[in-house]
Amino acid sequence: MTKWEYSTIPLIIHATKQILDQWGEDGWELVQVVPGPDGNGLVAYLKREKGQS
């Protein structure tokens, strides 16, 4: 059975691609993007298989 670890990160609008590319290079896969808790900005939810760090 695959085990996953998860992370949430704030996304800066003018650097979204660079942020996601960097996390992707580290083995993280984007799961979902949702509005930030204050209604401003975005929060990305990412996952990767445990043991890939």
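Computed from a prediction, not measured in an experiment: that's the story for all the values here.

1. A closer look at the side chain of Ser 7
- Residue position: Ser 7 is located in strand E1 (residues 4-11).
- The class of Ser 7 is buried, set by a relative accessible area of 17%.
- Discounting residues that sit within four places of it in the chain, Ser 7 has contacts with Trp 23, Trp 28, Ala 44, Tyr 45 and Leu 46.

2. Quick look at the environment of Pro 35
- With respect to the helices, strands and loops of the structure, Pro 35 is situated in strand E2 (residues 29-35).
- As for Pro 35 and Pro 10, which are separated by 25 residues in sequence, their C-alpha atoms are 9.6 Å apart.
- With near-sequence residues (within four places) excluded, Pro 35 lies in contact with Gly 41 and Leu 42.

3. Description of the nonpolar core
- One finds Ile 9, Leu 11, Ala 15, Ile 19, Trp 28, Ala 44 and Leu 46 forming the largest nonpolar core, which totals seven residues.
- Sorting the residues of this core by element identifies E1 and strand E3 (42-49) as the ones contributing at least two each.
- Not counting the four nearest positions on each side in its chain, Ile 19 is found in contact with Ile 9, Pro 10, Leu 11 and Ile 12.

4. Quick look at the environment of Thr 8
- Position of Thr 8 among the secondary structure elements: in strand E1.
- In this structure, the C-alpha to C-alpha distance between Thr 8 and Val 31, residues 23 residues apart in sequence, is 10.0 Å.
- Those residues in contact with Thr 8 that lie beyond four places of it in its chain are Val 43, Ala 44 and Tyr 45.

Reading the values: rules and limits
Residues numbered from 1 in each chain as written. Predicted model: local features only at pLDDT ≥ 70, side-chain atom pairs only at ≥ 80, totals over all residues. Heavy atoms only, no water. Helix = DSSP H or I, 4+ residues; strand = E, 2+ residues; numbered from the N terminus. Buried < 20%, exposed > 50% of the residue type's maximum accessible area, 1.4 Å probe, protein only. Contact = heavy atoms within 4.5 Å. Core = buried A, V, L, I, M, F, W, Y, C linked by side-chain atoms within 4.5 Å.

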